[in-house]
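# Summary of the model geometry
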Amino acid sequence: MTQNNGWEPIIGLEIHAQLNTASKLFSSDFNRFGDEPNANISEVSVAIPGSLPVLNRAAVRKAIQFGLAIRGNVQLWSRFDRKSYFYPDCPRNFQITQFDHPIVIGGTVIALVDGEEKQFAITKVQLEDDAGMLKHFSTFAGVDFNRAGVPLIEIVSEPCMRSAKDAVAYATTIRSILDYLDASDCNMEEGSLRFDVNVSVRKIGEPGLRNRIEIKNMNSFSNLELAIDHEIERQIALYEAAPNKKPGEVVEQCTYRWDPDLGATVLMRTKEDAEDYRYFPEPDLLPLVLTQQEVENEKTLLPELPLEKERRYAREYGLSAQQSYFLTSDKKTATFFENALQTCLQPKMVANWIAVEFTGRLKEKGMTISESGLRPSDIGELVLMIQEGVITGKTAKSVADEMMASPGLSPRTIVDKNPSLRPFQDTQLLEKIVSEVVEANPQSVKDFLAGRDRAFSFLVGQVMKRTQGSAQPEQVNSLLKESIARRT
Ligand code: MN
């Protein structure tokens, strides 16, 4: 990678995704964000001695579906382990997770990076429960255990990414798979998806890996990208400043966090080894045993997944890879597009109005089209009006501006209400303008008759200019040809 001056970044990602089950992983306590602190807790959530975990079937099914969606190997025999850690957010003093026998082993994700498909490998997917949350007040801190016991899947990738862009594309694809499966609400602000990233660098061609730095707990794609880029630069600078030292002495294996205000990674702790967690099999739970039939059943329930949809859009509608990817990477955008097609079956134009025109207009509001209040049928109707020649493409852009200003108004209503947006309907006046243009541009008429298409386009342009773009191009074309034919 030239921009890194002979250095190659090696990146792996661990993604924690909260599953959107009704109850927690090992109890019937509600799994709900935003409730009063400590409203959703029973003996299990706060680990009263003697309370016992009972595994949530819905969480297991979502994990199986995710495993199938990434073409991983769903394990018919998996097991839970205790991972010891001592912190006030964890009343048991251990997390129940899966260590050496996770529910899914292996898997692949295909994501679009700079318009090209790249394949990323997944090591494993494990089921585990979330911790509570510490809240800091002016003179004290409190613990909210509502989140304690919420089901998570931890999705561990191979160190297979080579840039921050790769990592963001991979993470975006994981999010859309979870979204399509309805396995998680994927609400990043509420922490439903959290990223831990491992970053190291090495000289291009160097065998083996150097020490890696783990950056923990980011919950936005932009922070993920910034943190990785910053960390790559920091490590390269360290190695280049100490060319004679052993690499292991220059960068030690540590855990950092990303500080968005500082724009830098901040050291949290030197890395603990797996032994520090004292993993051992959870004695209160039986191994998780599935039948092949159960796994097959889940397979039949899988919906069309983002990559399948993307390829179908390209195949059936002739959309570009980039545009299909844009429309399908968010399930709600894909649904919006498909609903708009119900009104107007012009996939390329509808796709373009959604992906380019309206998305461009929505950018500064930071909204997607499904959040905009615009109705799919209105986008369809707008395209239909262009198709029917009721409005020109140019007028349609002004109509789109009006739709943005007052979502809920249909494009036909907008055009009816605004005389300036109405198409040029005075045919007599249009004929007059056309003959004036023909009169005023004899050279262009000559060129057109000599077979130069560009001369004709020029004449059309002149007419459109005089009608402020409101004339219908087909009508202008035919009137121009008639007028020229009359003169020759
Ligand atoms: Mn974890």
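Residues numbered from 1 in each chain as written. Predicted model: local features only at pLDDT ≥ 70, side-chain atom pairs only at ≥ 80, totals over all residues. Heavy atoms only, no water.

What follows is about the overall build of the chain. Of regular secondary structure, the chain possesses 16 helices and 17 strands. Relative to a compact globule of 488 residues, whose C-alpha radius of gyration would be 23 Å, the chain shows 30 Å and is clearly more extended. Seen through its principal axes, the chain has C-alpha atoms that stretch 95 × 60 × 55 Å. Residues classed as buried in the chain amount to 49% of the 488 residues present. In the chain, 68% of the contacts between residues at least 6 apart in sequence involve partners at least 24 apart. Per element, the accessible surface of the chain, about 24300 Å² overall, is 51% carbon and sulfur. Each charge class in the chain can be summarised by its mean position, and for the 56 positive and 68 negative side chains these summaries are 5 Å apart. (Helix = DSSP H or I, 4+ residues; strand = E, 2+ residues; numbered from the N terminus. Rg over C-alpha atoms; globule rule 2.2 N^0.38 Å. Buried < 20%, exposed > 50% of the residue type's maximum accessible area, 1.4 Å probe, protein only. Contact = heavy atoms within 4.5 Å. Areas by Shrake-Rupley, 256 points an atom, 1.4 Å probe, with all protein chains shown as cover. Lys, Arg positive; Asp, Glu negative; His and termini not counted. Charge placed at Lys NZ, Arg CZ, Asp CG, Glu CD.)

At a minimum axis distance of 12 Å, the contact between helix 6 (residues 306-317) and helix 8 (residues 331-343) shows a crossing angle of 30°. Between helix 6 and helix 8, the interaxial angle falls into the category roughly parallel. Considering the relative orientation of helix 6 and helix 8, their crossing is left-handed. For the pair helix 6 and helix 8, contact is made by Lys309, Arg312, Tyr313 and Tyr317 and by Ala334, Phe337, Glu338 and Leu341, respectively. (Axes fitted to C-alpha atoms, helices over the stretch in contact; angles between N-to-C directions. Parallel < 35°, antiparallel > 145°, perpendicular 65-115°, else oblique. Left-handed = near helix turned anticlockwise from the far one by under 90°.)

Right, let's talk about the pairing of strand 4 (residues 81-84) for a bit. What you see with strand 4 is no split at all: Asp81 and Lys83 on one side and Arg82 and Ser84 on the other are buried throughout. Two strands pair when backbone bridges link them, and strand 4 and strand 16 (residues 280-281) are joined in this way by two bridges, in the antiparallel orientation. Across the sheet, Arg82 pairs through a bridge with Phe280, a residue of strand 16. (Pairing = 2+ DSSP bridges.)

At a closest axis distance of 9 Å, the pairing of helix 1 (residues 57-69) and helix 5 (residues 292-300) adopts a crossing angle of 70°. The pairing of helix 1 with helix 5 is recorded here as roughly perpendicular in orientation. Relative to helix 5, the crossing made by helix 1 is right-handed. Mapping the contact onto sequence places Arg57, Arg61, Ile64, Gln65 and Leu68 in helix 1 and Glu294, Val295, Glu298 and Lys299 in helix 5. Considering only residue class, the contact of helix 1 with helix 5 consists of three nonpolar, one polar and five charged. (Nonpolar A, V, L, I, M, F, W, Y, C, P; charged D, E, K, R; others polar.)

Both strand 7 (residues 108-113) and strand 8 (residues 116-129) contribute to a ladder of six bridges, which runs antiparallel. Counterpart to Val109 in the pairing with strand 8 is Phe120. Turn length for the strand 7-strand 8 hairpin, with the two strands adjacent in sequence and antiparallel, is two residues, and the turn residue Asp114 shows positive phi of about 50°.

One finds Phe66, Leu127, Ile153, Tyr170, Phe337 and Phe358 to be the most contacted residues of the largest nonpolar core, which totals 104 residues. For this core, the leading source of residues is helix 2 (residues 164-180), giving ten residues. Looking at which domains feed residues into this core, each of domain 1 (2-296) and domain 2 (306-421) gives three or more. Residues Val438, Leu459, Val463 and Leu480 belong to the second largest nonpolar core, which totals 19 residues. (Core = buried A, V, L, I, M, F, W, Y, C linked by side-chain atoms within 4.5 Å. Domains from an automatic or database assignment.)

To continue, consider the domain arrangement of the chain. In terms of domains, the chain is made up of domain 1 (2-296), domain 2 (306-421) and domain 3 (427-486). Computed over C-alpha atoms, the centres of domain 2 and domain 3 are 31 Å apart. Contacts between the two partners involve five residues from domain 2, matched on the other side by seven residues from domain 3. Surface buried jointly by domain 2 and domain 3 totals about 350 Å² across both partners, of which 49% is contributed by carbon and sulfur atoms. Three residues stand out in domain 2 for area buried against domain 3, namely Gly389, Thr392 and Lys394, and they jointly supply 81% of the buried area on that side. Our count for the contact surface shared by domain 2 and domain 3 stands at zero salt bridges. Applying the counting criterion to the domain 2 and domain 3 interface returns zero residue pairs in polar contact (both at pLDDT 80 or more). Split by residue class, the side of domain 2 that touches domain 3 holds one nonpolar, three polar and one charged. (Buried area = accessible area lost by both parts, 1.4 Å probe. Salt bridge = Lys/Arg side-chain N within 4 Å of Asp/Glu carboxyl O. Polar contact = N/O pair within 3.5 Å; in protein donor to acceptor, adjacent residues only side chain to side chain.)

Moving on: the side chain of Gln95. Within the fold, Gln95 resides in strand 5 (residues 94-97). At 2.8 Å, the side chain of Gln95 forms a polar contact with the backbone oxygen of Asp129.

Quick look at the pattern of salt bridges now. Evaluated as defined, the whole model comprises 35 salt bridges. The salt bridge partner of Glu298 is Arg61, with a shortest N-O separation of 2.7 Å. Here Glu298, found in helix 5, pairs with Arg61, found in helix 1; they are 237 residues apart in sequence, far enough to count as distant. Judged by relative accessible area, which is 6%, Glu298 ranks as buried. On the accessibility criterion, Arg61 (36% relative accessible area) is partly exposed. Put simply, Glu304, Lys309, Arg312, Glu316 and Glu338 are held in one network by salt bridges that share partners.

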